Amino acid sequence: MSLSLQGKTYVVMGVANKRSIAWGIARSLHNAGAKLIFTYAGERLEKSVKDLASSLEGEESLVLPCDVTNDEDIEKCFAAIKEEVGVIHGLAHCIAFANKEELVGDYMNTTREGFLLSQNISSYSLTAVCKVAKDLMTEGGSIISMTYLGGERVVANYNVMGVAKASLEASVKYLANDLGKHGIRVNAISAGPIRTLSAKGVSDFNSILKEIEERAPLRRNTTQEEVGDTAVFLASDMSRGITGENIHVDSGYHILG
Ligand SMILES: CCCCCCc1ccc(Oc2ccc(Oc3cccc(O)n3)cc2)c(O)c1
């Protein structure tokens, strides 16, 4: 058993730019020897994802559009992946969205539309992807999704996204139960706040970074590299006994009251 991912192929969903958590995961998986395929949402991201993918030495990675709110698009995307590689050994789901007007103030102001949009993109999309990706995971594998502490307890301003992450974290357990018999594990990484494009949508983000530096057991914030390295562990055989789990990579902050 080792942390090597030589000979394995993973789909990384949700790279936007070099600060994305998904890019930190991609770099660590690549450095562990994995072959990567990237999907992105929205034509405007195509160039930056292709540029990042080609910055990884070795053979050209497949880069495909995938709108996770559209089941046909997911089927088309994974049909193309099947065509290209046949078998995949897992995927990293780093996709979430909520209207930023609802990521500030009282949670109760959430609209029905905003609630459903966030659940659709940030939670149901994992289930929708698993339904299709499982058929390419004929040798078993490991599915990883991203969550945040605000899904387990109230974090001011995280609001509708916290409810979506609670839904995602419950989905991880139900998906783990369904897919375990196929040798497929499903886990979440609960990352501490990292300054990404997405983080710009959350009000008062800077004050939480400062509080973590002052109070977290490790007295520092979380990096993409740390999250990426935990993804390598979850993708590798070293975590073969772990499924339905939520691993906090957050300098220990979640243990505090
Ligand atoms: C008050 C909580 C501070 C820590 C938040 C850490 C965090 C940062 C980013 C996270 O990911 C998203 C993804 C999409 C998202 O919705 C957005 C992002 C940008 C613009 C927009 O209109 N919506 C909000 C957060 C996330 O789930 C969690």
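So, how was this worked out
- Residues numbered from 1 in each chain as written.
- Predicted model: local features only at pLDDT ≥ 70, side-chain atom pairs only at ≥ 80, totals over all residues.
- Heavy atoms only, no water.
- 1 Å grid on protein atoms, 1.4 Å probe; cavity = no way out; pocket = protein on both sides within 12 Å on 5 of 7 lines; lining within 4 Å.
- Points joined across faces, edges and corners; volume = space filled by probe spheres on them.
- Nonpolar A, V, L, I, M, F, W, Y, C, P; charged D, E, K, R; others polar.
- Core = buried A, V, L, I, M, F, W, Y, C linked by side-chain atoms within 4.5 Å.
- Buried < 20%, exposed > 50% of the residue type's maximum accessible area, 1.4 Å probe, protein only.
- Contact = heavy atoms within 4.5 Å.
- Salt bridge = Lys/Arg side-chain N within 4 Å of Asp/Glu carboxyl O.
- Helix = DSSP H or I, 4+ residues; strand = E, 2+ residues; numbered from the N terminus.
- Pairing = 2+ DSSP bridges.
- Right-handed = clockwise from strand over helix to strand, strands pointing away.
- Near = heavy atom within 4 Å.
- Polar contact = N/O pair within 3.5 Å; in protein donor to acceptor, adjacent residues only side chain to side chain.
- Areas by Shrake-Rupley, 256 points an atom, 1.4 Å probe, with all protein chains shown as cover.
- Disulfide = S-S within 2.5 Å.
- pLDDT = per-residue confidence, 0-100.
- Axes fitted to C-alpha atoms, helices over the stretch in contact; angles between N-to-C directions.
- Parallel < 35°, antiparallel > 145°, perpendicular 65-115°, else oblique.
- Left-handed = near helix turned anticlockwise from the far one by under 90°.

Within this model, the second largest pocket holds a volume of roughly 180 Å³. H30, G33, A34, K35, L36, A53, L56, E57, G58, E59, E60 and S61 are the residues that line the second largest pocket. When its residues are assigned to classes, the lining of the second largest pocket shows 4 nonpolar, 4 polar and 4 charged.

With that out of the way, let us pick up the nonpolar core. Ranked by size, the top nonpolar core spans 35 residues in total, and within it I25, L29, L36, F38 and V227 carry the most contacts. Apart from the residues within four sequence positions on either side, I25 is in contact with A92, C94, M146, V227, G228 and A231. Judged by nonpolar contacts, the second largest core, of 31 residues, contains I74, C77, I121 and L136.

Attention now goes to the pattern of salt bridges. Summed over the entire model, instances satisfying the criterion amount to 9 salt bridges. With its nearest N and O atoms 3.2 Å apart, the salt bridge here joins K35 to E59. Taken as a pair, K35 in strand β2 (residues 35–40) and E59 in the loop between α2 (46–54) and β3 (62–65) lie far apart in primary sequence, 24 residues in all. The class of E59 is exposed, set by a relative accessible area of 61%. We note a salt bridge from E211 to R215, for which the minimum N-O separation is 2.6 Å. Highlighted residues: E211 and R215, both in helix α6 (residues 205–215), separated by 4 residues, approximately one helical turn.

Buried residues dominate strand β5 (residues 141–147), accounting for 7 of its 7 residues. Both faces of β5 are covered, namely the face carrying G141, I143, S145 and T147 and the face carrying S142, I144 and M146. Here strand β4 (residues 90–93) pairs with β5 via 4 bridges, running parallel. Residue pairing for β5: A92 is matched across the bridge by I144. Assessed by its sense of winding, the connection that carries the chain from β5 through helix α5 (residues 159–179) to strand β6 (residues 184–191) is right-handed.

Not every one of the 16 residues close to the ligand is listed here, only the nearest: F97, A98, A156, Y158 and S198. Interatomic distance of 2.7 Å between a backbone N/O atom of A98 and a nitrogen atom of the ligand. Between Y158 and the ligand, the recorded distance is 2.5 Å, taken from a side-chain N or O atom to an oxygen atom. Look at the ligand: alone it shows 630 Å² of surface, and the protein chains cover 86% of it. Of the residues assigned to the shell around the ligand, the class counts are 12 nonpolar, 2 polar and 2 charged.

For the structure shown, the criterion picks out 1 cavity of 30 Å³ or more. Of the volumes computed, that of the largest cavity is approximately 60 Å³. In terms of lining residues, the largest cavity is bounded by Y148, L149, S190, A191, G192, P193, I212, D250 and Y253. Looking at side-chain class alone, the lining of the largest cavity contains 6 nonpolar, 2 polar and 1 charged residues.

Here we take up the state of the cysteines. One pass over the full model with this rule turns up 0 disulfides. With no disulfide of its own, C77 lies closest to C66 among cysteine sulfurs, the gap being 4.0 Å. The class of C77 is buried, set by a relative accessible area of 3%.

Residue-level pLDDT values for the chain average 98, and 100% of them are 70 or greater. Interface confidence in the predicted complex, given as ipTM, is 0.99; pTM for the same model is 0.98.

In contact at an axis separation of 9 Å, helix α4 (residues 112–133) and α5 are set at 20° when each is read in the N-to-C sense. Comparing the axis directions of α4 and α5 gives the class roughly parallel. The two elements α4 and α5 cross, and the hand of that crossing is right-handed. Residues G114, F115, S118, Q119, S122, S123, L126, T127 and C130 of α4 pack against V160, M161, V163, A164, S167, L168, S171, V172, L175 and L179 of α5. Taken together, the residues that form the contact of α4 with α5 break down as 11 nonpolar, 8 polar and no charged.

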